[in-house]
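One letter stands for each residue in the lines below.
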Amino acid sequence: MSKVSNFIKEVTARMKGDEAGVVAAKVERKALSAINGQLAALKAKLVDDETAVEDAQEALNNAIFPTAVFSNNQDYIANIKRMQEILDSRVDQLDSTKASIEYFEGLLASNF
């Protein structure tokens, strides 16, 4: 006898009739497919986000440590500030992607 997932139990409990188990199993497959698809997309995005953070960190380092003499102090400072803001934004996006992955992995673990 196969183990009945929490998801199927919940869907079956919400339905009445002979086909409840069959419908619940189909709903579970669709839900698993949707969540696994979302996780796959998020994991691909994670790689892109990590690369974006690395690139932004490098751009900030280049702004802080220019290889040519600059003539305008305000532009130098403004460029550092701008590059830091970009880095902060990329880190926030990376953190958001990681949080989403954790959420969907938790959703799978606790409901299927």
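The shown structure was predicted, so the numbers you read here are calculated from the model rather than taken from an experiment.

### Here's the deal with the pattern of salt bridges
Pairs may arise between side chains of opposite charge once their charged atoms sit close together.
Line of reasoning, step 1. The final tally for this structure, using the stated rule, is 2 salt bridges.
Line of reasoning, step 2. Its salt-bridge partner being Lys-43, residue Glu-105 comes within 3.5 Å of it at the nearest N-O pair. Highlighted residues: Glu-105 in helix H3 (residues 73-111) and Lys-43 in helix H2 (residues 20-64), separated in sequence by 62 residues.
Line of reasoning, step 3. A relative accessible area of 42% places Lys-43 in the partly exposed class.
Line of reasoning, step 4. Between Asp-49 and Lys-45 there is a salt bridge, with the nearest N and O atoms lying 3.0 Å from each other. You can see Asp-49 and its partner Lys-45 sitting in helix H2, 4 residues apart, about one turn around the helix.
Line of reasoning, step 5. Judged by its relative accessible area of 30%, Lys-45 falls in the partly exposed class.

### Things to note about H3
Line of reasoning, step 1. Taking 1.5 Å as the rise per residue, H3 with 39 residues should run 57 Å; its terminal C-alpha atoms sit 57 Å apart, in good agreement.
Line of reasoning, step 2. Inspection of H3 places Met-83, Leu-87, Leu-94, Thr-97, Ile-101, Phe-104 and Leu-108 among the buried residues, and these make up the whole buried set.
Line of reasoning, step 3. Along its buried surface, H3 packs onto H2.
Line of reasoning, step 4. For H3, the capping residue at the N-terminal end is Asn-72, with a side-chain oxygen 2.9 Å from the backbone nitrogen of Gln-74.

Rules used throughout
- Residues numbered from 1 in each chain as written.
- Predicted model: local features only at pLDDT ≥ 70, side-chain atom pairs only at ≥ 80, totals over all residues.
- Heavy atoms only, no water.
- Salt bridge = Lys/Arg side-chain N within 4 Å of Asp/Glu carboxyl O.
- Helix = DSSP H or I, 4+ residues; strand = E, 2+ residues; numbered from the N terminus.
- Buried < 20%, exposed > 50% of the residue type's maximum accessible area, 1.4 Å probe, protein only.
- Expected span 1.5 Å × (residues − 1).
- Contact = heavy atoms within 4.5 Å.
- Polar contact = N/O pair within 3.5 Å; in protein donor to acceptor, adjacent residues only side chain to side chain.

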